[in-house]
Amino acid sequence: MTSCATAQKDKTPWTNLFDGKTLNGWHQIGGEAKYSVRNGTIVGSTVHNTPNSFLTTDKMYGDFILELDFKVDPSMNSGIQIRSNSIPEYKNGRVHGYQVEIDPSDRAWSGGIYDESRRGWLNILDKNPNAQKAFKQNEWNHYRIEAIGNTIKTWVNGVAAAHLIDEKTAAGFICLQVHEIHADKKEGTEIVWKNVKILTDNVAKYAQKSPIEPIITQNQLTIDEVKNGWKLLWDGKTTEGWRGAKLDSFPENGWQIKDGVLNVLSSGGAESTAGGDIVTTELYGDFELTVDFKITSGGNSGIKYYVDTNINKGEGSSIGLEYQILDDALHPDAKLGNQEGSRTVCSLYDLIKADASKPIHPVGEWNTAYIISKNNHVEHWINEVKVLEYERKGDAFRELVAKSKYAKWPNFGELEKGQILLQDHGDLASFRNIKIHSLNTTKTN
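Residues numbered from 1 in each chain as written. Predicted model: local features only at pLDDT ≥ 70, side-chain atom pairs only at ≥ 80, totals over all residues. Heavy atoms only, no water.

Asks: Would you take a moment to explain the overall build of the chain for this structure?
Replies: Looking only at helices and strands, one finds four helices and 31 strands in the chain. Once the C-alpha set of the chain is aligned to its principal axes, its extents read approximately 90 × 45 × 40 Å. Going through the 445 residues of the chain one by one, you find that 53% of them count as buried. Long-range pairs, those at least 24 residues apart, make up 67% of the contacts in the chain between residues at least 6 apart in sequence. Surface summary for the chain: the accessible area is close to 20,800 Å², and the carbon and sulfur share equals 48%. When the 50 positive and 58 negative side-chain charges of the chain are each reduced to one mean point, those points stand 4 Å apart. (Helix = DSSP H or I, 4+ residues; strand = E, 2+ residues; numbered from the N terminus. Buried < 20%, exposed > 50% of the residue type's maximum accessible area, 1.4 Å probe, protein only. Contact = heavy atoms within 4.5 Å. Areas by Shrake-Rupley, 256 points an atom, 1.4 Å probe, with all protein chains shown as cover. Lys, Arg positive; Asp, Glu negative; His and termini not counted. Charge placed at Lys NZ, Arg CZ, Asp CG, Glu CD.)

Next up, the structure:
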């Protein structure tokens, strides 16, 4: 006779990622930790003098629900990579992406979400004691991970652990991590996985509700960004910290704030004829800047730095160095410029062409621009990949300026400090997650 207390059979149409006998469907990336199959389990074993190792699925996954069991040595740190990637241009192929932490230390952040080799911690468990207590030392633990749309949710032994809303990466592979170990740690410590299964069809039907309020990263600083001195350059809601480049206040039209996105509206493609460019109310010298941007078909815009709005008070855009934003396929500017290709997306406008292999996302999708200027050395990056660098104020730079449209502006691009500018070029362009890490900021009058 069957007890009424017997749990109902799971009718979820799972697909097994591990056949219990071989590592078929998996391959190793990164370090040289040892992976093997033993008694129907996958065993990961630490070795000295090697970086993080990742047993990686051959397939890529976007939306999914993943469940698995694991047992870990108490001295180890590990994790489950999801929506992760490895490309040669990014840190020589280093695995990067979301990691669901396995943390048997006293910190007890198992089930938290870390952004491996990128932004660091996104969702820690310091305010979730129930989840911290759910992990079992020296026993089998069960993880449930849901990645659906922009939302990632985790459970540890049935206890809700993390709830994150983030749009950085929509798809990638899944990895079982063996963390690198220090020389004083014992080699050969193990983490063991079993019952690795995934659901990829009709995932919304099988999704579970989390009782935890989500952590939303849009227009917010991450834990590590706060720790490292970054600040929001735009708060996602107001015009605070910005003004029109040729105004004392923010433009009354031509710009729109909607759903955490700052849009410069379409007005026919002319430069600075509608709302006009906007600039920061503070000046910046050495800095790191990140900006998410998105354009529409045939669009044109830009991010300028070391801007002085007093230089050009006439028609056109304010003067400064420009990280070009452009639809290279459809906008005619892509074929113009004093240097060949110097007006293509990510280029230093009219001066230096960005690497043609730049990993730009298609028009209509978000991209992340990163600019760093330190001791006059400047780099442009796109989606975590460096696409150009140059020495500001150097002879080569001045020679390029002398042959460009900027030759008429004395000491172009050589300000010690200047404003950051978002350009109105008459085409719809969108911005969010505008963040800066700066030294020696001063306010303008």
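From this point, things continue past the structure.
Asks: So what exactly am I meant to see when it comes to the environment of glutamate 67 here?
Replies: Mapped onto the secondary structure, glutamate 67 falls in strand S6 (residues 64-72). Along the sequence, glutamate 67 and tyrosine 323 sit 256 residues apart, while their C-alpha atoms lie 43 Å from each other. Among all residues touching glutamate 67, those that are not within four sequence positions of it are Trp14, His142, Tyr143, Arg144, Asn195, Val196 and Lys197. Polar side-chain contacts of glutamate 67 include one of 3.1 Å to the side chain of histidine 142. (Polar contact = N/O pair within 3.5 Å; in protein donor to acceptor, adjacent residues only side chain to side chain.)

Asks: Sorry if this is basic, but what is going on with the environment of valine 37 here?
Replies: The residue valine 37 is located in strand S3 (residues 34-38) in this model. Accessibility expressed as a relative area gives 30% for valine 37, which makes it partly exposed. Not counting the four nearest positions on each side in its chain, valine 37 is found in contact with Phe18, Gly20, Lys21, Thr22 and Leu23.

Asks: Could you clarify how one ought to interpret the nonpolar core in this entry?
Replies: The tendency in soluble globular proteins is for nonpolar side chains to be buried side by side. If you look at the biggest cluster of nonpolar residues, it comprises 46 residues, and the most contacted ones within it are Leu289, Ile303, Tyr305, Phe431 and Ile434. Element by element, the count of residues in this core is highest for strand S23 (residues 287-295), at five residues. The residues contacting leucine 289, other than those within four sequence positions of it, are Trp230, Leu233, Ile303, Ala369, Tyr370, Ile371, Ile420, Ile434, Lys435 and Ile436. In terms of nonpolar packing, the next biggest core, distinct from the first, is built from 43 residues, Leu17, Phe64, Tyr143 and Ala162 among them. (Core = buried A, V, L, I, M, F, W, Y, C linked by side-chain atoms within 4.5 Å.)

Asks: So what exactly am I meant to see when it comes to the packing of aromatic side chains here?
Replies: Aromatic ring pairs: the centre-centre distance and the angle between the two ring planes describe each pair. Taken as a whole, this structure holds 14 aromatic pairs when the rule is applied. For the pair phenylalanine 70 and tyrosine 143, a centre-to-centre distance of 4.7 Å together with 75 degrees between the ring planes defines the contact as edge-to-face. Of this pair, phenylalanine 70 sits in strand S6 while tyrosine 143 sits in strand S11 (residues 141-148), and the two are 73 residues apart along the sequence. A relative accessible area of 0% places phenylalanine 70 in the buried class. For tyrosine 143, a relative accessible area of 1% puts it in the buried group. Between tyrosine 370 and tryptophan 381 the ring centres are 5.9 Å apart and the planes differ by 85 degrees, which places this aromatic pair in the edge-to-face class. (Phe/Tyr/Trp six-rings, centres within 6.5 Å; stacked < 30°, edge-to-face > 60°.)

Asks: Which parts of the structure should I look at to understand the pairing of strand S4 (residues 41-45)?
Replies: The side chains of a regular strand alternate between the sheet's two faces. Within S4, five of the five residues are buried, which leaves it mostly tucked inside the rest of the structure. The sheet contact formed by S3 and S4 spans five bridges and is antiparallel. Across the sheet, residue lysine 34 finds its bridge partner in S4, namely serine 45. The sheet contact formed by S4 and strand S15 (residues 190-199) spans four bridges and is antiparallel. By the bridge assignment, isoleucine 42 is partnered in S15 with tryptophan 193. (Pairing = 2+ DSSP bridges.)

Asks: Please explain unusual backbone geometry as it appears in this structure.
Replies: Leaving glycine aside, a negative phi is the common case for residues, and trans is the common case for peptide bonds. Even without being glycine, asparagine 92 reaches a positive phi, approximately 55 degrees. Judged by its relative accessible area of 79%, asparagine 92 falls in the exposed class. Phi is positive for asparagine 383, close to 50 degrees, though the residue is something other than glycine. Mapping asparagine 383 onto the fold places it in the loop between strand S27 (377-382) and strand S28 (385-391). Judged by its relative accessible area of 9%, asparagine 383 falls in the buried class.

Asks: Looking at this structure, how should I read the sheet that holds strand S18 (residues 242-244)?
Replies: Backbone-to-backbone hydrogen bonds pair the strands of a sheet. The strands run either parallel or antiparallel. Spatial strand order, S18-S21-S29-S24-S25: five strands in an open sheet with antiparallel pairing. A single partner strand is all that each edge strand has here, and the edge strands are S18 and strand S25 (319-326). Along the sheet, successive strands turn relative to each other by an average axial angle of 25 degrees, direction set aside. Relative to strand S21 (residues 278-280), S18 runs antiparallel, the two sharing three bridges. Bridged to tryptophan 242 within S21 is threonine 280. (Axes fitted to C-alpha atoms, helices over the stretch in contact; angles between N-to-C directions.)

Asks: When you look at the sheet that holds strand S8 (residues 96-102) in this model, what are you seeing that I'm missing?
Replies: If you trace the seven strands from one edge of the open sheet to the other, you get S2-S5-S14-S7-S8-S9-S10, paired in antiparallel fashion. The open sheet is flanked by strand S2 (26-30) and strand S10 (120-123), the only strands paired with a single partner. Strand-to-strand twist of the sheet, defined as the mean angle between neighbouring strand axes without regard to direction, takes the value 30 degrees. For strand S9 (residues 113-116) and S10, the ladder comprises three bridges, and the chain directions are antiparallel. In the sheet register, isoleucine 113 faces S10, and the bridge partner there is asparagine 123.

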